[in-house]
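Topology and contacts: notes
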Amino acid sequence: MRETPEELKELQALLEASLSRSTSHLRSIVTGNTVTAEQLTRILTGMCTLALSTVTAKGEPRISGADGHFLHGKWYFGTARGAAKARHLAARPAASAAHMRGEDLGVFTHGTVEILNPLDGEPAPDWPDLLAYFKDFYGDDAFDWDNDVVYYRLHPRWMTVYAPDIAKLTATSPS
């Protein structure tokens, strides 16, 4: 778990606020079948496959996969700089992400992305630490980290979690 107490507090507030302003239909499904921020950070370790949704210039939705990493209460993901999703996010930074594990877990997030390592600008202040994490995960020579890949942080404005059996998830999550 990499989250600070303040990050856990912010994530918990987001989860509660998101559920409270959800539709009655969603609340009827999720209420009583969710987890706390601390539990979520213990479940979402390592790489989690995301279904990532962006929007084209014509307003058409596009969905694709991305390697997601849940760090500090937010999703982080990367793609090739020339990928369609990179063009979409550069022009329209709103995105949605879903991580699902069968019927055992669903994490749904809507927000806005921040580019962490722009080609033509200053990287995010925490990029060196994040880059060290990604290089450790993927390997130092997996990419030309300066030119080939662009990484994003999804700042959530809405997030909800469906997890009907927390014991099942924590029993199979890596420590």
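Placed above this text is the structure.
Residues numbered from 1 in each chain as written. Predicted model: local features only at pLDDT ≥ 70, side-chain atom pairs only at ≥ 80, totals over all residues. Heavy atoms only, no water.

Some thoughts on the packing of aromatic side chains
The final tally for this structure, using the stated rule, is 11 aromatic pairs. Ring-pair connections join several aromatic residues into one group, and the members of that group are Trp127, Tyr133, Phe134, Phe137, Tyr138, Phe143, Trp145 and Tyr151. (Phe/Tyr/Trp six-rings, centres within 6.5 Å; stacked < 30°, edge-to-face > 60°.)

Let's talk about the pairing of strand 6 (residues 149-162)
For strand 6, the tally of buried residues reaches 11 of 14 residues, placing the bulk of the element in the interior. Where strand 3 (residues 74-80) and strand 6 come together, six bridges link them in antiparallel fashion. Bridge assignment links Phe77 to a residue of strand 6, and that residue is Tyr152. Pairing of strand 5 (residues 105-115) with strand 6 involves 10 bridges; the strand directions are antiparallel. Among the inter-strand pairings, Thr109 is bridged to a residue of strand 6, identified as Met159. (Buried < 20%, exposed > 50% of the residue type's maximum accessible area, 1.4 Å probe, protein only. Helix = DSSP H or I, 4+ residues; strand = E, 2+ residues; numbered from the N terminus. Pairing = 2+ DSSP bridges.)

Re helix 5 (residues 127-138)
With 12 residues, helix 5 should cover 16 Å at 1.5 Å per step; its first-to-last C-alpha distance of 16 Å lies within 8% of that length. Listed in full, the buried residues belonging to helix 5 are Trp127, Leu130, Leu131, Tyr133 and Phe134. Across the axial projection of helix 5, the buried residues extend over an arc of 160°, all falling on one side. The outward face of helix 5, more than 90 degrees from its buried face, is lined by the exposed residues Pro128, Asp129 and Asp136. Tucked inside the fold, the buried residues of helix 5 contact strand 2 (61-71), strand 3 and strand 6. (Expected span 1.5 Å × (residues − 1). Arc of directions from axis to C-beta. Contact = heavy atoms within 4.5 Å.)

Some details on the nonpolar core
Among the nonpolar cores identified, the biggest contains 30 residues, and Leu40, Leu44 and Phe77 are the most heavily contacted of them. With five residues, the single largest contributor to this core is strand 6. What Leu40 contacts, discounting residues up to four positions off in sequence, is Leu11, Val35, Phe70, Val107, Met159 and Val161. Of all hydrophobic cores here, the second largest spans 12 residues; its members include Ala124, Trp127, Leu131 and Tyr151. (Core = buried A, V, L, I, M, F, W, Y, C linked by side-chain atoms within 4.5 Å.)

Points about the pattern of salt bridges
If you walk through the whole model with that rule in mind, you get six salt bridges. With a closest N to O distance of 3.2 Å, Lys168 and Asp104 form a salt bridge. One end of the pair, Lys168, is in helix 6 (residues 166-172); the other, Asp104, is in the loop between strand 4 (94-101) and strand 5, and 64 residues separate them in sequence. Among the residues examined, Lys168 registers a relative accessible area of 42% and is labelled partly exposed. (Salt bridge = Lys/Arg side-chain N within 4 Å of Asp/Glu carboxyl O.)

Quick word on unusual backbone geometry
For residues other than glycine, phi is negative in most cases, and the peptide bonds are mostly trans. The phi dihedral of His72 is positive, around 55°, even though this residue is not glycine. Relative to the helices and strands, His72 resides in the loop between strand 2 and strand 3. By relative accessible area, His72 is classed as partly exposed at 26%.

Thoughts on the pairing of strand 1 (residues 47-55)
Along any regular strand the residues' side chains alternate between the sheet's two faces. Only one face of strand 1 is covered, namely the one carrying Cys48, Leu50, Leu52 and Thr54; the face carrying Met47, Thr49, Ala51, Ser53 and Val55 has none of its residues buried. Following strand 1, the chain reverses through five residues before pairing antiparallel with strand 2; Gly59 in that reversal takes a positive phi of roughly 80°. One ladder, built from three bridges, connects strand 1 with strand 4; its direction is antiparallel. Residue pairing across strands places Leu52 opposite Ala97, the latter belonging to strand 4.

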